[in-house]
Amino acid sequence: MHLLIPFAACSDPASRQVLRGLKLPELAQLLQRLSAQPLLMGLQDSPSLPHERVLAQCLGLPADDPIPWAAWQAARNGHVVRGEAWAFITPCHWQLGQAQVTLLDPRQLDLQEAESRALLAAMQPYFAEDGITLVFDTPGRWLARAEVFRDLSTASLPRVVGQDVAPWMPASALLRRLQNEMQMLLYTHPLHDARAARGVLPVNSFWISGSGALDTVPPAPVTPPVVPQQLIAPALRQDWQGWAKAWRELDAVECAALRRALDQGARTARLTLCGQQHALPYVHAPRRGWARLMTLMRRPAASDVLERL
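Quantities reported herein were computed from a predicted structural model and do not represent experimental measurements. (Residues numbered from 1 in each chain as written. Predicted model: local features only at pLDDT ≥ 70, side-chain atom pairs only at ≥ 80, totals over all residues. Heavy atoms only, no water.)

**Re the sheet that holds strand β2 (residues 34–36)**
In space, the 4 strands of this open sheet follow the order β1-β9-β10-β2, with mixed pairing throughout. For this open sheet the edge positions go to β1 (2–5) and β2, each flanked by a neighbour on one side alone. Averaged over all pairs of adjacent strands, the angle between strand axes in this sheet comes to 20 degrees, irrespective of strand direction. When β1 meets strand β9 (residues 270–274), the two strands line up parallel, connected through 4 bridges. Along β9, the bridge assignment pairs leucine 4 with threonine 272. Here helix α3 (residues 50–58) sits on the sheet and contacts β1, β9 and β10 (279–284); the angle it forms with β1, its principal contact strand, is near 150 degrees. (Pairing = 2+ DSSP bridges. Helix = DSSP H or I, 4+ residues; strand = E, 2+ residues; numbered from the N terminus. Axes fitted to C-alpha atoms, helices over the stretch in contact; angles between N-to-C directions. Contact = heavy atoms within 4.5 Å.)

As structure tokens, then:
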């Protein structure tokens, strides 16, 4: 079992304050029983997050940016993707401020399938004029196929949510023009007023991510990593009490499951803690006698480990 935890720690000083008082007994046991590996260093301006790069490597995908997540998903959906370039298109809401435009978490939209399909149908002709084919994937995300996405660097959604979109916009004049056109289309679309009438945010733009091509689709791993999602949403909305509550729940369920696997002699047990910049992997490496005692005595507290991320 490989437990891969996104947003195990965050860079916001308020989250660090909450972290210092957070009790995670199951995680503490895992840190005592597993051996830390070298810290996987990341950059603040990387378009992908540490857990995305680790997961890509586990799935046999290129772990360097851009990671072709959309091509991989298209293949899983049954599309022939060999050599074709794909990207994710996510309907979203851009919040206009005095000095910047902020991307809100698309999950706040509560976009229904009928609404999503109506928007896709309205936008598809404009995309097609630029050689881009849109394909429905989920209500909150579409697939797009076009040569423009090959070698195009795009930032993942959790990297950009809550931030100014300007530094993360893809370097493509075609796509920026298309984005401007779609913002005007979406503003006048009947769905805009209908959503406002029921008190939900309008869809006023889209985000491009997961771009790239796959020459070959790697086989699915026999045991893919377990990637719990519950820390992501509260972290993105900077709800640190909610994030702490989610951490305690994760500790009691997923961390406890990994600890039980260790109890049962699982030699392949792994843990990877991921922050917004770095990742810290742990592997099973049993120690005996004096070496084990010294390891336990030197093991830092869980909060100290997480602050390294």
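**Side note on the pairing of strand β3 (residues 85–92)**
The side chains of a regular strand alternate between the sheet's two faces. Burial of β3 is extensive: 8 of the 8 residues sit out of reach of the surface. The pairing of β3 with strand β7 (residues 141–145) spans 4 bridges and is antiparallel. Looking at the pairing, tryptophan 86 lines up with arginine 145 of β7. (Buried < 20%, exposed > 50% of the residue type's maximum accessible area, 1.4 Å probe, protein only.)

**Re the pattern of salt bridges**
Charged atoms that come close allow side chains of opposite charge to pair. In total, this model carries 14 salt bridges according to the counting rule given. Put simply, arginine 198 and glutamate 115 hold a salt bridge, and the shortest N to O gap is 2.8 Å. You can see arginine 198 sitting in the loop between α8 (190–197) and β8 (205–213) and its partner glutamate 115 sitting in helix α5 (residues 113–129), a full 83 residues away along the chain. Its relative accessible area of 41% is what places arginine 198 among the partly exposed residues. In this structure, a network of salt bridges that share partners links the residues Glu26, Arg33, Arg259 and Asp263. (Salt bridge = Lys/Arg side-chain N within 4 Å of Asp/Glu carboxyl O.)

**Observations concerning the sheet that holds β8**
In spatial order, the strands read β6-β7-β3-β8; together these 4 strands make up an open sheet with antiparallel pairing. Both outer strands of the open sheet, β6 (133–138) and β8, are each paired with one neighbouring strand and no more. Strand-to-strand twist of the sheet, defined as the mean angle between neighbouring strand axes without regard to direction, takes the value 25 degrees. Sheet topology places β6 next to β7; 5 bridges connect them, and they run antiparallel. From the neighbouring strand, leucine 134 faces β7, where its bridge partner is alanine 144. Packed on one face of the sheet, helix α4 (residues 69–76) meets β3, β6, β7 and β8 and runs near 95 degrees to β3. Together, β3, β6, β7 and β8 form the strand contacts of α5, whose direction differs from that of β6 by roughly 165 degrees.

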